[in-house]
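# Summary of structural features
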Amino acid sequence: TLCFLESHMPSCGGARRRIPSGVADARFKVDGAEQLERERAELLAKIGQSPKGGGKMMVWLMVQRLAPEKCTDHALQALRRLPIENGARVVQTDEGKLPVHLVVAGDGPARKSLEAYAEKSNPPLPVTFLGNLPNTQLPPLYRAADVFLTCSTSETCAARRVARPAPTLPAPFSHALLPRARR
């Protein structure tokens, strides 16, 4: 932002302009709690879970091309290392232990091997591959998920990580090459 530029590079001359992140804020607008509840229920239905009974689970979301350099397999390996309780892989949260499910939107040359890895795990990994989705279907996914995850080592610009479409969605990154602010 211009504030960052002014505080970190005050002596640079010339014109300065803010360049928008490219995220269309209007696409990610929330009209109310009912919308969020509906989108969560729709996402749980897509992954074969019932929202009845509270739908208490942790949903991780990856939206990316499924290619080796995107390291989607790292997320599957992380899932595989999670403890199993009552037949579900669980994570510890502020609400206690919750079952976790990974949702992957995207397609590419690694998809078949990723699906095979998930299926061959014992028990099979809690992952749903949605394939390529139109951009209009992505905002509800972001809003309904609990965590946005990427393991990519091939981002040419950290902007995707910094200006992700749902800024309130936690977003852990492996191998993140984010610019560091000078102190």
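Scroll up a little and you will see the structure.
Residues numbered from 1 in each chain as written. Predicted model: local features only at pLDDT ≥ 70, side-chain atom pairs only at ≥ 80, totals over all residues. Heavy atoms only, no water.

### With respect to the overall build of the protein
Counting its regular elements, the protein contains six helices and six strands. Sequence-ordered secondary structure for the protein, helices as α and strands as β, is α-α-β-α-β-β-β-α-β-α-β-α. Per-residue burial for the protein yields a buried fraction of 38% across its 183 residues. (Helix = DSSP H or I, 4+ residues; strand = E, 2+ residues; numbered from the N terminus. Buried < 20%, exposed > 50% of the residue type's maximum accessible area, 1.4 Å probe, protein only.)

### Details of helix H4 (residues 111–120)
Inspection of H4 places Arg111, Leu114 and Ala118 among the buried residues, and these make up the whole buried set. Axial view of H4: buried residues confined to an arc of 65 degrees, hence all on one face. Turned more than 90 degrees off the buried face of H4, the exposed positions are Lys112, Glu119 and Lys120. (Arc of directions from axis to C-beta.)

### Quick notes on the pairing of strand S3 (residues 88–93)
Two strands pair when backbone bridges link them, and strand S2 (residues 84–85) and S3 are joined in this way by two bridges, in the antiparallel orientation. Bridge pairing in S3 places Ile84 opposite Arg89. The antiparallel pairing of S2 with S3 creates a hairpin that spans two residues between the two strands, and Asn86 there sits at a positive phi of about 55 degrees. Direction of pairing for S3 relative to strand S4 (residues 96–105): antiparallel, over a ladder of four bridges. Within S4, the residue paired with Thr93 across the bridge is Gly96. Once S3 ends, the chain turns through two residues before running back antiparallel as S4. (Pairing = 2+ DSSP bridges.)

### Points about unusual backbone geometry
Note: most residues except glycine have negative phi, and most peptide bonds are trans. Residue Pro123 is reached from Asn122 by a cis peptide bond, and omega for that bond is -5 degrees. Tracing the sequence through the fold places Pro123 in the loop between H4 and strand S5 (127–131). Positive phi is not limited to glycine here, since Cys71 has a value of about 55 degrees. Note that Cys71 resides in the loop between strand S1 (58–63) and helix H3 (72–81). Of the residues examined, Cys71 reaches a relative accessible area of 10% and is grouped as buried.

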